[in-house]
Amino acid sequence: MKKKCIFYDVKHSNNSARVRLWLMLQGGLDDHIQILTLTHADLDGGGKLVEVNPLKKVPAFVTDNGLNLFESFVILSYLEDRFGDGRFLLTNVEDRALVQLFVRIHDIYISSPNCTQPNFSHTQGCMYLDPYPTPYTPERRTMPDPAVRASKLKEIYERLCWMEENIRSEYMVGDRITHADITWYPTCIFMEILLPYVFDWATIFHEKEHFPRLTRWFETCTNNEHFASIRDDISGVLKKQQRDGRFDNVRKVARDNPDLKWKYM
């Protein structure tokens, strides 16, 4: 039997979801790629994942030739080169550059801590990482300083403002899906659920006063069955965690520190 590539996935990981979304949109790769769905317990325990990604993070990927890959941008670049047909790549050089800029802003300023040491966290973590250890947040991932959390929240708002100014059309860069949309959409589901619930923002991506262009973009993507499936996956987990009180500690941080800015819309 032909050896397959292996994709290590976590259902509600935004960076895993962008790889899963690409696979769904591209289609026809079941004979080439096996998907192994992990839990957070698998991440903390390590196991086979550590052999693929010593950072114990997803997504991770093993090619059919045995090359271990991690970092979603790298995995997607490999998939595009190996299995892609160019449908997500634009022809105009400036359009392609803008797509890459959207992706880089996401990866550098929102979704990555750029440091593997304890208590360094990505910007998006301000929405859900606890201030002290809990079953959801191990000690190494806690965010104890309210001022740091508030600064990261401001970063999210400022990057959203930049996107609102630079989005081109119904999709981020033009009239069809690119890696900009595939990258940002799963992360925006976190924002859709958590920014109103945790920090009392307006219903982001469902209002037209603050971010009308992003609202149109989000609606356009959600009308696609594959984007909608990713939204169901992520929002389903987040809403269950919400019911279980997962985000209550972060809400308390905001309530207990009214001198810091938490609400931007």
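Residues numbered from 1 in each chain as written. Predicted model: local features only at pLDDT ≥ 70, side-chain atom pairs only at ≥ 80, totals over all residues. Heavy atoms only, no water.

**Student:** Could you clarify how one ought to interpret the overall build of the protein chain in this entry?
**Tutor:** Looking only at helices and strands, the protein chain features 10 helices and 4 strands. Its helices and strands in sequence order give the protein chain the pattern β-α-β-α-α-β-β-α-α-α-α-α-α-α, from N to C terminus. Once the C-alpha set of the protein chain is aligned to its principal axes, its extents read approximately 60 × 45 × 30 Å. The proportion of buried residues among the 265 residues of the protein chain is 50%. Taking contacts inside the protein chain between residues at least 6 apart in sequence as the whole, the part at least 24 apart equals 69%. If you sum the accessible surface of the protein chain, you get close to 12,600 Å²; carbon and sulfur atoms cover 50% of it. Mean positive and mean negative side-chain charge positions of the protein chain (34 and 36 charges, respectively) differ by 3 Å. (Helix = DSSP H or I, 4+ residues; strand = E, 2+ residues; numbered from the N terminus. Buried < 20%, exposed > 50% of the residue type's maximum accessible area, 1.4 Å probe, protein only. Contact = heavy atoms within 4.5 Å. Areas by Shrake-Rupley, 256 points an atom, 1.4 Å probe, with all protein chains shown as cover. Lys, Arg positive; Asp, Glu negative; His and termini not counted. Charge placed at Lys NZ, Arg CZ, Asp CG, Glu CD.)

**Student:** What's the story with the side chain of Arg246 in this structure? I'm lost.
**Tutor:** Relative to the assigned elements, Arg246 resides in the loop between α9 (225-243) and α10 (248-256). We note that Arg246 is buried and unpaired, the nearest opposite charge coming from Asp130 at a distance of 4.7 Å. Excluding residues that lie within four positions of it along the chain, Arg246 makes contacts with Tyr128, Asp130, Tyr136, Thr137 and Gln241. (Salt bridge = Lys/Arg side-chain N within 4 Å of Asp/Glu carboxyl O.)

**Student:** Any chance you could explain the sheet that holds strand β2 (residues 33-38) here in plain terms?
**Tutor:** Strands belonging to one sheet form pairs held by backbone hydrogen bonds; the direction of such a pair is parallel or antiparallel. In spatial order, the strands read β2-β1-β3-β4; together these 4 strands make up an open sheet with mixed pairing. Bordering the open sheet on either side are β2 and β4 (68-70), each of which pairs with just one other strand. When strand polarity is set aside, the average angle formed by the axes of neighbouring strands in this sheet is 20°. Examined bridge by bridge, strand β3 (residues 60-62) and β4 share 3 bridges and lie antiparallel to one another. (Pairing = 2+ DSSP bridges. Axes fitted to C-alpha atoms, helices over the stretch in contact; angles between N-to-C directions.)

**Student:** Explain the pattern of salt bridges to me, please; I cannot follow it from the model alone.
**Tutor:** Pairing is possible between side chains that carry opposite charge, provided their charged atoms lie close to one another. Tallying each qualifying case throughout the model produces 12 salt bridges. A salt bridge links Arg168 to Asp95; the nearest nitrogen and oxygen atoms lie 2.9 Å apart. Of this pair, Arg168 sits in the loop between α6 (146-166) and α7 (179-199) while Asp95 sits in helix α5 (residues 93-110); the two residues are 73 residues apart in sequence, bridging distant segments of the chain. Across the salt bridge formed by Lys240 and Asp244, the nearest N and O atoms sit 2.9 Å from each other. For Lys240, a relative accessible area of 44% puts it in the partly exposed group. Salt bridges linked by common partners bring Asp9, Arg20 and Asp233 together as one network.

**Student:** How do you make sense of helix α4 (residues 72-83) when you look at a structure like this?
**Tutor:** Because an α-helix packs 3.6 residues into every turn, residues spaced three or four apart end up facing the same way. Over its 12 residues, α4 extends 16 Å from the first C-alpha to the last, a length consistent with the 16 Å expected when each residue adds 1.5 Å. Within α4, the full set of buried residues consists of Ser72, Ile75, Leu76, Tyr78, Leu79, Glu80 and Phe83. Looking at the buried residues of α4, the elements they touch are β1 (5-10), α1 (14-26), β2, β3, β4 and α7. (Expected span 1.5 Å × (residues − 1).)

**Student:** Please explain the pairing of β2 as it appears in this structure.
**Tutor:** On a regular strand, each side chain points to the face opposite its neighbour's, so the side chains alternate between the two faces of the sheet. Here 6 bridges tie β1 to β2, and the two strands are oriented parallel to one another. Counted as the bridge partner of Cys5 is Ile33 from β2. Assessed by its sense of winding, the connection that carries the chain from β1 through α1 to β2 is right-handed. (Right-handed = clockwise from strand over helix to strand, strands pointing away.)

**Student:** Hey, could you run me through the packing of aromatic side chains in this one?
**Tutor:** Aromatic rings in a pair are described by how distant their centres are and how their planes are angled relative to each other. Applying the stated criterion across every chain, the model contains 14 aromatic pairs. Their ring planes at 65° and their centres at 5.0 Å tell us that Phe102 and Trp162 sit as a pair that is edge-to-face. Of this pair, Phe102 sits in helix α5 while Trp162 is found in helix α6, placing the two residues 60 residues apart along the sequence. Summarising the aromatic geometry, the rings of Tyr157 and Tyr264 are spaced 4.8 Å apart at their centres and angled 25° between planes, so their arrangement reads as stacked. Residue Tyr157 is found in helix α6, and its partner Tyr264 is found in the segment after α10; the two are separated by 107 residues along the sequence. (Phe/Tyr/Trp six-rings, centres within 6.5 Å; stacked < 30°, edge-to-face > 60°.)

Spatial relationships are all this shows, so hold off on functional conclusions.
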